[in-house]
Amino acid sequence: MTTMEVDNADPTGVSKDGVVDGADAPVAVDIETTTVEDIKDFVKLLERAVATGDARLAVRPVRGLGYIRKNLTANVLRRVIRGLCLKPEDRAYFAQYVGDLSEDTTKSSQSASFKKLADTIHKQGTMVPEVNVYLHLLVLISLLDAKKNTEAMASAEVIVGKVIANTRRTMDPIGSRVYFFYARTYEVNGKLSNIRRFLLSRLRTATLRQDEEGQASLVNSLLRSYIQDNLYDQAEKLVGKLTYPEAVHNNQLARFQYYLGRIKATKLEYSEAQQHLLQASRKVPSNGAIGFKQTVQKWLVTVELLLGDIPERAIFLEKEYRECLAPYYALTLAIRAGKLARFNEVLKTYAERFKKDETYSLIVRLRHNVIKTGIRTINAAYSRISVVDVAKKLQLDSVEDVYFILAKAINERVIEAQLLADSGTLVSKENVNIYSTKDPFVAFDKRIKFCLDTHDQSVKAMRFPAKSYHGDLETAEERREREQQEAELAKEIADEDDDIL
Amino acid sequence: MAAGLQNVMALYRQLTEEWNKKPMEKSKCETLLNQLKVALTEHHFIPTAEGEASKQEIVLARDVLEMGAQFAIFDRDIKGFQRHIDQLKVYYYDVKGGIPESSLMNQFLGLYLLSLLAENRLGDFHSEVELMSLDTIEKDPYLSFPVQLERCLMEGSYSKIFSANKSIPAPSYSFFMELLAETTRAEIAKCIKRSCPIISADSARRMLFFATEPEFKSYVDKNKWKIGHGGVFQFDTERNLIQDDFGLEADMDVDRPQPTLADMTALSYQEVAETMLSYARELEKIV
């Protein structure tokens, strides 16, 4: 994006790795400068977090990573590192990833503010570790984006070492992102399974330190690694033994719920799987993260079918799902019709797509749902029908098995009917008036509980500034500043959506 | 170390000899097997990240475990068999470094799948299946057999389960097939009780796959099914259907007063009162 605009503005001003001569390309410099300024703001915040010992201040820079990542060019990194690293060894270290740092094209006005910030973060002689790790992380992200995988591995090892060496609370928010990108680096190198033991030991430490963001991110990486190798047993055991922190970022929660859904679906606990997948689809940011949404939706449709429900038609028609859910739509139609032959045909045509989506093994299980739907239709249409006729209608060759299939369907309450085995007939029961049972009561109760729970959760999510009740009331100017900050924060939260993988 | 390994090898040879004798002595095999396992703990019985186990040691440990699994089947010890397989899985899936794949691997994994089916542990069954590639399952008779059976079970084609006895891929499968037949029979009995209001003894016998009358009779007596006028069984299907929701045993004592159908479906006052009070509490918190 950035480089494209640069090209349009002035092709000659661009050297081959995107270095721009400041004055000639105002648009590009603008984005670059704002990104640099953003990073500077975040570094300032980090420094304040360390100075005041308030880990919450460090959360914003971490959340901002998502949208910094969009505009993160080698040039931005060079400018930030040039401005902030005073120690020659730091400079030398970063230089091996971002290139030569010696040339100086920054304007003097920026240099002054840089100088001040650089001095603050070097108060103790060396750079504040949190800031150091933050800069490292930016470098790692840019390496990953540039697909320099082997270099990213080396760099990831170094950062993780630094995070482990530091035991301050203020490192936690950054640490959680570091773990994420560390695991991601191993994943793109195809070695995610190698670091399971390490991730588990870090999870232990994070749990002991009550580092919630760290726990969330580590658990997700572990689950991802287990599921990648189809180790559903291990994944289930891990999930069964931990309490997942609730007060973490929605993206983390969405991922966790998605993994849970997959584990439960494999274990045949479909209604739980559906709950988890629904949660995942609700927690996901409303704009962006399309890949994740599509994957969740595929699983959700499959699980709904396995539950014997027919997913709503509207889902298949939505713009962002129409293409990717097409095979699932065909599948749903086949099941709705209760035609086994058609189902097998769909299964054959789209086998490769389903295998790629990793839903194939679940879809194979759908075969008996086709039969169930068929039975349901027959039961609705006939008040009394012979088993032989049922077998014909379902295109099943063994009449003997149809007895069992029908008995099983009644047993599982797929249909309300009775089987007269001696005369070989299926007799459906009169439809019961649902309002004479307690089903409506239970359904209503469930909804009320959901609303109350949502209310509870939102009360818990509110934050109040510590001890502000006996401080002075804020002046108009302070208020304006606060409101502006809040607006910025809101924008960032709305923006960050691309770190869902 | 090397001398120790020689001893273990000698023990293993002794065990195979004993195992292949006809008839073999069970107690002798058992003691030998236990001795072997103890001896192996001094080597790399279960591979860990620390220390390199030699290929010879790994193969030996795997052979001993496979022997143990076979012995467990012979001894009709399901738990013991599954324990051995759990240990063997480390060798089958995780230790790959240069050792040849065991010729018995797929047979044992297939047996393991079948044992899970027989115990009705379908969730575990599916997580095991996920570990195998679809192509292997389709091509390998040992693996495709239990997978096919599971599909029949889910579908309700129970007669295929009983007829599959003829097509087992290895004699060792017959033990678990017996167990599976029992599990399936229990499932059918439940289905009958919940779907057939009236059924003749003859139909019931056929549906439960009993070839002879006495077998059927002892099964019926064990489950406290009462035969009524004209040799028919009668079931209160309605009650049986909801009984499970109340956690009541289907074959509970008849002497005890049983809740009536209306009791079970009606809304109890206590339940309603409790729910309403909980809403009131929540509302108070909000206001």
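Residues numbered from 1 in each chain as written. Chains lettered and ligands numbered in written order. Predicted model: local features only at pLDDT ≥ 70, side-chain atom pairs only at ≥ 80, totals over all residues. Heavy atoms only, no water.

## Quick notes on the overall build of chain B
1) Next: From N to C terminus, chain B includes 15 helices and two strands.
2) Next: A burial count over chain B gives 45% of its 287 residues as buried.
3) Next: Considering only contacts in chain B between residues 6 or more positions apart, those separated by 24 or more positions represent 62%.
4) Next: Surface accessibility of chain B: about 15500 Å² in total, with carbon and sulfur atoms responsible for 55%. (Helix = DSSP H or I, 4+ residues; strand = E, 2+ residues; numbered from the N terminus. Buried < 20%, exposed > 50% of the residue type's maximum accessible area, 1.4 Å probe, protein only. Contact = heavy atoms within 4.5 Å. Areas by Shrake-Rupley, 256 points an atom, 1.4 Å probe, with all protein chains shown as cover.)

## Regarding the overall build of chain A
1) Next: Helices and strands together make up the secondary structure of chain A, namely 27 helices and three strands.
2) Next: By the burial criterion, 48% of the 501 residues in chain A qualify as buried.
3) Next: Put simply, 66% of the contacts in chain A that link residues at least 6 apart link residues at least 24 apart.
4) Next: Element-wise, carbon and sulfur atoms account for 52% of the exposed surface of chain A, whose accessible area totals about 25600 Å².

## Observations concerning the interface of chain A and chain B
1) Next: Listed as interface residues are 41 residues of chain A and, on the opposing side, 49 residues of chain B.
2) Next: Buried surface at the junction of chain A and chain B, summed over both partners, amounts to about 4100 Å²; 57% is from carbon and sulfur atoms.
3) Next: For chain A, the biggest contributors to the area lost against chain B are Phe-404, Asn-411 and Phe-441 of chain A; these three give 16% of the whole.
4) Next: Between chain A and chain B we count three salt bridges in total.
5) Next: A salt bridge links Lys-160 of chain B to Asp-401 of chain A; the shortest N-O distance between them is 3.2 Å.
6) Next: In this assembly, chain A and chain B are joined by 15 residue pairs in polar contact (both at pLDDT 80 or more). (Buried area = accessible area lost by both parts, 1.4 Å probe. Salt bridge = Lys/Arg side-chain N within 4 Å of Asp/Glu carboxyl O. Polar contact = N/O pair within 3.5 Å; in protein donor to acceptor, adjacent residues only side chain to side chain.)

## Notes on the environment of Tyr-403 of chain A
1) Next: With respect to the helices, strands and loops of the structure, Tyr-403 of chain A is situated in helix H25 (residues 399–411).
2) Next: The sequence separation of Tyr-403 of chain A and Val-390 of chain A amounts to 13 residues, and the corresponding C-alpha distance is 9.6 Å.
3) Next: Ignoring anything within four residues of it in the chain, the contact list for Tyr-403 of chain A reads Val-387, Leu-419, Ala-421 and Gly-424 of chain A together with Met-207 of chain B.

## Overview of helix H20 (residues 340–349) of chain A
All names here are of chain A.
1) Next: Taken residue by residue, H20 has Leu-340, Phe-343, Val-346 and Leu-347 as its buried positions. Each buried residue of H20 lies within a common arc of 120 degrees when the element is viewed along its axis, so the set occupies one face. Exposed residues pointing more than 90 degrees away from the buried face of H20 are listed as Glu-345, Lys-348 and Thr-349.
2) Next: The inward-facing, buried residues of H20 abut helix H19 (326–337), helix H21 (351–357), helix H22 (360–364) and helix H23 (367–381). (Arc of directions from axis to C-beta.)

## Quick word on the pattern of salt bridges
1) Next: This model, assessed by the stated rule, comprises 33 salt bridges over all chains.
2) Next: Asp-41 of chain A serves as the salt-bridge partner of Lys-44 of chain A, at 3.9 Å between the closest nitrogen and oxygen. Of this pair, Lys-44 of chain A and Asp-41 of chain A both sit in helix H2 (residues 26–52), three residues apart, which is roughly one turn of the helix.
3) Next: The class for Lys-44 of chain A is partly exposed, based on a relative accessible area of 44%.
4) Next: Residue class for Asp-41 of chain A comes out partly exposed when judged on its relative accessible area of 39%.
5) Next: We note a salt bridge from Glu-119 of chain B to Arg-121 of chain B, for which the minimum N-O separation is 3.2 Å.

## Quick notes on the UniProt feature "domain: CSN8/PSMD8/EIF3K" (unreviewed entry) in chain B
1) Next: If you check UniProt for "domain: CSN8/PSMD8/EIF3K" (unreviewed entry), the listed places come out as residues 104–234 of chain B in our numbering.
2) Next: The annotated region residues 104–234 of chain B carries 69% helix and 5% strand content, and the separation between its end C-alpha atoms amounts to 49 Å. (UniProt positions renumbered as here; feature names shortened; annotations may be inferred.)

## Section: a nonpolar patch on the surface
Residues and elements named next belong to chain B.
1) Next: Taken together, the side chains of Leu-283, Ile-286 and Val-287 present a nonpolar region at the surface, about 330 Å² in accessible area.
2) Next: In this structure, Val-287 sits in the segment after helix H15 (269–286).
3) Next: Judged by its relative accessible area of 88%, Val-287 falls in the exposed class. (Patch = residues over 30% accessible without salt bridge, like charges linked within 9 Å, V, L, I, M, F, W, Y side chains within 5 Å.)

## Quick word on the packing of aromatic side chains
Residue and element names in this part refer to chain A.
1) Next: For the structure on display, the rule yields 24 aromatic pairs over all chains.
2) Next: Where Phe-180 meets Phe-181, the ring centres are 5.1 Å apart and the plane angle is 85 degrees; that geometry is what we call edge-to-face.
3) Next: Its relative accessible area of 10% is what places Phe-180 among the buried residues.
4) Next: Taking relative accessible area as the criterion, Phe-181 reaches 4% and is therefore assigned buried.
5) Next: Seen from the ring of Phe-180, Arg-177 lies directly overhead, with NZ or CZ sitting 4.9 Å from the centre.
6) Next: The lysine or arginine in question, Lys-355, covers the ring of Tyr-360, its NZ or CZ lying 5.0 Å from the ring centre. (Phe/Tyr/Trp six-rings, centres within 6.5 Å; stacked < 30°, edge-to-face > 60°. Lys NZ or Arg CZ within 6 Å of the ring centre and 35° of its normal.)

## Considering helix H5 (residues 105–118) of chain B
1) Next: Here H5 of chain B is 14 residues long and its end C-alpha atoms lie 20 Å apart, about the 20 Å a rise of 1.5 Å per residue gives.
2) Next: Most of H5 of chain B sits inside the fold, with 14 of its 14 residues counted as buried. (Expected span 1.5 Å × (residues − 1).)

## A look at the sheet that holds strand E1 (residues 384–386) of chain A
Residue and element names in this part refer to chain A.
1) Next: Within the open sheet, the three strands sit side by side as E1-E3-E2. Their pairing is antiparallel. What marks the edges here is a single partner per strand, and that holds for E1 and strand E2 (417–420). Adjacent strand axes in the sheet meet at a mean angle of 20 degrees, parallel and antiparallel pairs treated alike.
2) Next: In terms of strand pairing, E1 meets strand E3 (residues 425–428) through three bridges, oriented antiparallel. Paired with Arg-384 across the two strands is Val-427, which belongs to E3. (Pairing = 2+ DSSP bridges. Axes fitted to C-alpha atoms, helices over the stretch in contact; angles between N-to-C directions.)

## So, the packing of helix H11 (residues 196–208) of chain A against helix H12 (residues 212–228) of chain A
Residue and element names in this part refer to chain A.
1) Next: Direction vectors running N to C along H11 and H12 enclose 155 degrees, while the axes themselves pass 9 Å from each other. Relative to H12, the element H11 lies roughly antiparallel. Here the hand of the crossing between H11 and H12 comes out left-handed. Touching Arg-196, Leu-199, Leu-200, Arg-202, Leu-203, Ala-206 and Thr-207 of H11 are Gly-214, Gln-215, Leu-218, Val-219, Ser-221, Leu-222, Ser-225 and Tyr-226, all from H12. (Parallel < 35°, antiparallel > 145°, perpendicular 65-115°, else oblique. Left-handed = near helix turned anticlockwise from the far one by under 90°.)

## Some points on the environment of Ala-186 of chain B
1) Next: Within the secondary structure, Ala-186 of chain B sits in helix H10 (residues 173–195).
2) Next: Taking the C-alpha atoms as reference points, Ala-186 of chain B and Leu-208 of chain B, separated by 22 residues in sequence, lie 8.7 Å from one another.

## Topic: the pairing of E3 of chain A
Residue and element names in this part refer to chain A.
1) Next: Neither face of E3 is exposed, since Thr-425 and Val-427 on one face and Leu-426 and Ser-428 on the opposite face are all buried.
2) Next: Relative to E3, E2 runs antiparallel, the two being bridged by four bridges. Its bridge partner being in E3, Leu-419 is matched across the sheet by Leu-426.
3) Next: Count of turn residues in the E2/E3 antiparallel hairpin: four residues, of which Gly-424 carries a positive phi of about 70 degrees.

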